[in-house]
Amino acid sequence: MTVPRVILAEDDVLLREGLASLLDRSGFAVAGQAGDANALLDLVREHRPDLVLVDVRMPPTHTVEGLEAARTIREELPEIGILVLSAHADVDHAMELLAGGRGIGYLLKSRVADVGEFLDTLRRIAKGGSVVEPALVQELVEARHRNDPLAALSAREREVLGLMAEGRSNAGIARRLWVTEGTVEKHVRSVLAKLDLPETTDDHRRVLAVLAYLDNR
């Protein structure tokens with residue numbers, strides 16, 4: 001069985017040494033350690049490990065040097081798995097990283113406290129899997145809910161909008177829902193108003209409403 005080779009990048013020496021000791025005892029081979037992003041890139045280019053473990057914030061500015069290094073590694077050596085650790089769930093940074101495809105992970109540092117889960121995460125990423133911090137998933141769901149333009153619609157209005165998306169006329173929607181055409185017209189006006197689509201003399205608002213519906217399904 002091949003032992004996964006790992007390079008660690010963490011400016012906190014105690015944390016880095018602790019992680020290295022844990023990995024050495026748990027079936028991984030630590031091929032190198034770095035205290036900043038430049039040293040990490042040099043080690044990765046030299047050793048071509050199976051996995052890189054890097055903190056988002058690295059010297060000298062402690063902002064996104066680790067993330068930028070991860071991006072460079074993915075561009076130059078896409079076969080290397082990358083796990084980024086962060087003290088906080090940052091949606092923008094995480095989404096940029098996770099867009100890189102297979103063998104990518106983003107976890108909060110607090111997850112390291114659960115040793116079994118942490119080691120399992122590393123093994124999954126080394127095998128090409130992707131791991132997303134659960135707190136980040138929750139934040140993404142909440143952000144989507146906050147930004148959902150359809151959230152203000154009632155269940156009936158969503159149903160009417162869905163039938164509009166199928167290309168049905170008001171009369172066709174009325175037949176489908178077993179209501180009068182006048183009732184449908186009221187629902188349509190309400191939908192357009194709640195989606196903040198200004199009145200015009202053509203059907204452009206219906207098209208915009210349908211696009212909003214399709215974009216948020």
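The structure we're discussing is the one just above.
What counts and how
Residue indices begin from 1 for each chain and proceed along its sequence in written order. With the structure being a predicted model, the display of local features is reserved for residues of pLDDT at least 70 and the display and counting of side-chain atom pairs for 80 or more, all residues being used for whole-chain, interface and lining totals. For the side-chain quantities, the full set of heavy atoms in the structure was used; hydrogens and water were omitted. Pairing between two strands requires that DSSP report at least two bridges joining them. The helix count covers DSSP runs of H or I at least four residues long, the strand count covers runs of E at least two residues long, and both are numbered beginning at the N terminus. Any two residues whose heavy atoms approach within 4.5 Å at even a single point are treated as in contact. Note on method: axes are straight lines fitted to C-alpha atoms, helices fitted across the in-contact stretch only, with angles between N-to-C directions ranging 0 to 180 degrees. By definition, a salt bridge exists where a carboxyl oxygen of Asp or Glu is found within 4 Å of a side-chain nitrogen of Lys or Arg. Only protein chains enter the accessibility calculation, which uses a 1.4 Å probe. A residue is then buried if its area is under 20% of the maximum for its type, exposed if over 50%, and partly exposed in between. For classification purposes, angles smaller than 35 degrees are called roughly parallel, those larger than 145 roughly antiparallel, those between 65 and 115 roughly perpendicular, and all remaining angles oblique. Crossings are assigned a handedness: left-handed for a near helix turned anticlockwise from the far helix by less than a right angle, right-handed for a clockwise turn. Amino acids are sorted into nonpolar (Ala, Val, Leu, Ile, Met, Phe, Trp, Tyr, Cys and Pro), charged (Asp, Glu, Lys and Arg) and polar (every other residue, Gly among them). In this charge count, Lys and Arg are treated as positive and Asp and Glu as negative; neither His nor the chain ends contribute. Throughout this description, a polar contact denotes any pair of N or O atoms lying within 3.5 Å of each other; where both atoms belong to protein, one of them has to be capable of donating a hydrogen while the other can accept it, and for residues adjacent in sequence the pair is counted only when both atoms sit in side chains. Here the arc refers to the set of directions running from the helix axis out to each C-beta atom.

Draft legend 1. View of the sheet that holds strand β5 (residues 104-108). Spatially, β2-β1-β3-β4-β5-β6 is the arrangement adopted by the six strands of the open sheet, whose pairing is parallel. Only two strands of the sheet have a single neighbouring strand rather than two, namely β2 (29-34) and β6 (131-132). Pairing of strand β1 (residues 5-9) with strand β3 (residues 51-55) involves four bridges; the strand directions are parallel. Pairing of leucine 8 across the sheet is with leucine 53, part of β3. Packing against the sheet, helix α3 (residues 65-76) makes contact with β3, β4 (81-86) and β5, and its axis sits at approximately 170° to β4. The strands touched by helix α5 (residues 115-126) are β3, β4, β5 and β6; relative to β4, the strand with the most contacts, the crossing angle is about 145°.

Draft legend 2. Quick peek at the pattern of salt bridges. Summed over the entire model, instances satisfying the criterion amount to six salt bridges. Lysine 109 is the partner of aspartate 55 in a salt bridge, and the nearest nitrogen-oxygen pair spans 2.8 Å. A residue pair is termed long-range when its members are at least 10 positions apart, and aspartate 55 in strand β3 and lysine 109 in the loop between β5 and α5 qualify at 54 residues. A relative accessible area of 26% means that lysine 109 is categorised as partly exposed. A salt bridge links arginine 156 to glutamate 159; its shortest N-O distance comes to 3.1 Å. With a gap of three residues between them, arginine 156 and glutamate 159 both fall in helix α7 (residues 155-165), about one helical turn apart. For arginine 156, a relative accessible area of 32% gives the class partly exposed. The class of glutamate 159 is partly exposed, set by a relative accessible area of 39%. Put simply, Glu10, Asp55 and Lys109 are held in one network by salt bridges that share partners.

Draft legend 3. Examining the packing of α7 against helix α8 (residues 170-177) more closely. Packing of α7 against α8 brings their axes to within 10 Å, and their N-to-C directions diverge by 125°. With respect to each other, α7 and α8 are oriented oblique. As α7 runs across α8, the sense of the crossing is right-handed. Contact residues: Arg156, Glu159, Val160, Leu163 and Met164 in α7; Ile173, Arg176 and Leu177 in α8. Here the residues of the contact of α7 with α8 sort into five nonpolar, no polar and three charged.

Draft legend 4. How the structure looks around unusual backbone geometry. Residue proline 60 follows proline 59 across a cis peptide bond; omega there is 10°. Its location among the elements puts proline 60 in the loop between β3 and α3.

Draft legend 5. Representation of the side chain of glutamate 65 within the structure. Residue position: glutamate 65 is located in helix α3. Although glutamate 65 is buried, it makes no salt bridge; arginine 57 carries the closest opposite charge, 7.5 Å away. From its side chain, glutamate 65 meets the backbone nitrogen of threonine 63 in a polar contact 3.1 Å long. Excluding its chain neighbours within four sequence positions, the residues that come into contact with glutamate 65 are Ala37, Val56, Met58, Pro59 and Pro60.

Draft legend 6. Focus on helix α2 (residues 37-47). For α2, every residue scored as buried is listed here: Ala37, Leu40, Leu41, Leu43 and Val44. Relative to the axis of α2, the buried residues are bounded by an arc of 165° and lie together on one face. Residues of α2 that are exposed and point more than 90 degrees away from the buried face comprise Asn38 and Glu46. Where α2 is buried, its residues contact β1, β2, β3 and α3. Here α2 starts with a cap whose side-chain oxygen sits 3.1 Å from the backbone nitrogen of asparagine 38, and that cap is aspartate 36. Downstream of α2 by a residue or two, arginine 48 has a phi angle that is positive, lying close to 45°.

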